[in-house]
Every structure is written in structure tokens, then in C-alpha cells.
Amino acid sequence: MASQGEDDLQASKTEGFKVGEKKTVEEYAKLDQNDESLNRWKASLGISSSPPIGVDPKDQRRCVIKALALEVEDRSDITIDLTAPGAVEALKTKPFTIKEGAQFRMKANFVVQHDVLSGLKYLQVTKRKGIRVAKNEEMIGSFAPNTQEKPIYEKKFEPDEAPSGMLARGHYDTLSKFMDDDGYEYLKFEWSFDITKEWQK
């Protein structure tokens, strides 16, 4: 049986867009080394001479999502360490609590390994009582494998505002995933949150 919202969790497609030819980090590094604008572009990807971080050769994932956090205005971050056993499964059964009208945003810490990651994006579908109330898609970008100089990436998503009013309060279920331009999924997970009148003490 498909998870809730799975059919809705499809990335939008730009007509005529084609994924570019894939190259290794070494190939990118050697591209037109005297081209200043190209060198700036490579630097924006994180391609540098710094040694790569150590990775498990058996783990062939190009991107590993290490942690997720809920960043709320004037409150401490709520951070979930996804490397802990059972952490992803627990997201569905342990909802976040957000005060109505509060400003908040999600953020993610992740590692890129083995090769350049092209077009990482985040998709999210939110439902209440089985009815879809929101769909979000955010482009995160393209990244070179992490190095000892930059061992982890952090992405802060666009700020959002919790709905307000008696009708908005209650429980919401969400299905999210991280994927790349090739359609490869790096993490898909269900989580939930409660909109309340006041913060929990």
C-alpha cells in the first residue's frame, strides 16, 4: 500500500529541460583551468584542492541527509539526528508542536560523497484529515563532495508561517523527500506536526 501523499510527491518538470552530461570531480577540476568565470562556478560547487572526507566505500549514496531541524523564531532549534537508529521512523509518531502564527523553517545538514551531486531538491506534501492542504518544492542546488575544509553542508529552507485560528489548529501529516535531477531519492520520510494556540511548556 502506498504511503499517504505519495502520488502527490512528484517534482515539477520544466518543458525542454534536459539534465546535463555528468562529469567526475576530477573532470570538472580540469575543465578550462584558465577560464576565470568557469573557475568561479566550480568554486560555487565547492570543488577545491582540499582533501575529501573519509567515506564508507560500501555506501554508494551520493547524498546522505545527516540531520533535520525545525528552526522557530525566538526558540531553540528542534534537531533530529537521522544517523541514530530508528530516528526516521520516529518522525511519524512524534509530532513537532508549532504555535499558531509562528515563523518557522526547516533546515537540513547533509554530506555529498563520491561525486558531484546535481540538482538536489526537497519536496513536501502536507495533509490534514486526509486532504492535501499544501505542496512545497524547493531547489537546494548542486554540490561537490564534501572535503576536510567543508565536512558538511547546511541548507535553510524558505521561512514559513504557521496558520492561525481555531479551524487551523490541529494535527497535520506530511510526506517529504530529497531527490536529484536524475530522480534518485536519497531520503523519503513521513512526519507530523500539531498547530496549537500556545507553545507547550
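Residues numbered from 1 in each chain as written. Predicted model: local features only at pLDDT ≥ 70, side-chain atom pairs only at ≥ 80, totals over all residues. Heavy atoms only, no water.

Caption draft 1: Up close: the overall build of the protein chain. Along the protein chain, the regular secondary structure elements total 3 helices and 10 strands. Each helix and strand of the protein chain, ordered N terminal to C terminal, gives the series α-α-β-β-α-β-β-β-β-β-β-β-β. Here the protein chain holds 201 residues, and 38% of them are scored as buried. Expressed as a percentage of contacts within the protein chain between residues at least 6 apart in sequence, the contacts between residues at least 24 apart total 71%. (Helix = DSSP H or I, 4+ residues; strand = E, 2+ residues; numbered from the N terminus. Buried < 20%, exposed > 50% of the residue type's maximum accessible area, 1.4 Å probe, protein only. Contact = heavy atoms within 4.5 Å.)

Caption draft 2: Structural view of the pairing of strand β4 (residues 103-112). Within β4, 7 of the 10 residues are buried, leaving the element largely enclosed by the surrounding structure. Bridge count between strand β1 (residues 63-72) and β4: 9 bridges; the pairing is antiparallel. The residue of β4 that forms the bridge with I65 is F110. Bridging between β4 and strand β8 (residues 160-161) involves 2 bridges; their strand directions are antiparallel. In the sheet register, F104 faces β8, and the bridge partner there is D160. Across 4 bridges, the pairing between β4 and strand β7 (residues 153-156) is antiparallel. Bridge pairing in β7 places A108 opposite K155. (Pairing = 2+ DSSP bridges.)

Caption draft 3: How the structure looks around the confidence of the model for the protein chain. Taken as a whole, the protein chain shows an average pLDDT of 82; of its residues, 76% reach a score of 70 or greater. Taking the mean pLDDT of every element in the protein chain, the minimum, 54, falls on helix α1 (residues 25-30) and the maximum, 95, on strand β9 (residues 170-179). This model gives residues 1-5 a pLDDT under 50, and the stretch forms 9 contacts once residues within four places in sequence are excluded. (pLDDT = per-residue confidence, 0-100.)

Caption draft 4: Region of the structure containing the packing of aromatic side chains. Applying the stated criterion across every chain, the model contains 11 aromatic pairs. Each ring, one from Y122 and one from F157, has its centre 4.7 Å from the other, and the planes form 25°; the classification is stacked. Of this pair, Y122 sits in strand β5 (residues 117-128) while F157 sits in the loop between β7 and β8; the two residues are 35 residues apart in sequence, bridging distant segments of the chain. Taking the relative accessible area as the measure of exposure, Y122 reaches 4% and is therefore buried. Classification of F157 as buried rests on a relative accessible area of 5%. Look at F157 and F178: their rings are 6.4 Å apart centre to centre, the planes differ by 40°, and that puts the pair in the tilted class. Of this pair, F157 sits in the loop between β7 and β8 while F178 sits in strand β9, and the two are 21 residues apart along the sequence. Following the ring pairs from residue to residue traces out a cluster consisting of F96, Y172, W191 and F193. Taking NZ or CZ as reference, R75 lies 4.2 Å from the ring centre of W199, over its face. (Phe/Tyr/Trp six-rings, centres within 6.5 Å; stacked < 30°, edge-to-face > 60°. Lys NZ or Arg CZ within 6 Å of the ring centre and 35° of its normal.)

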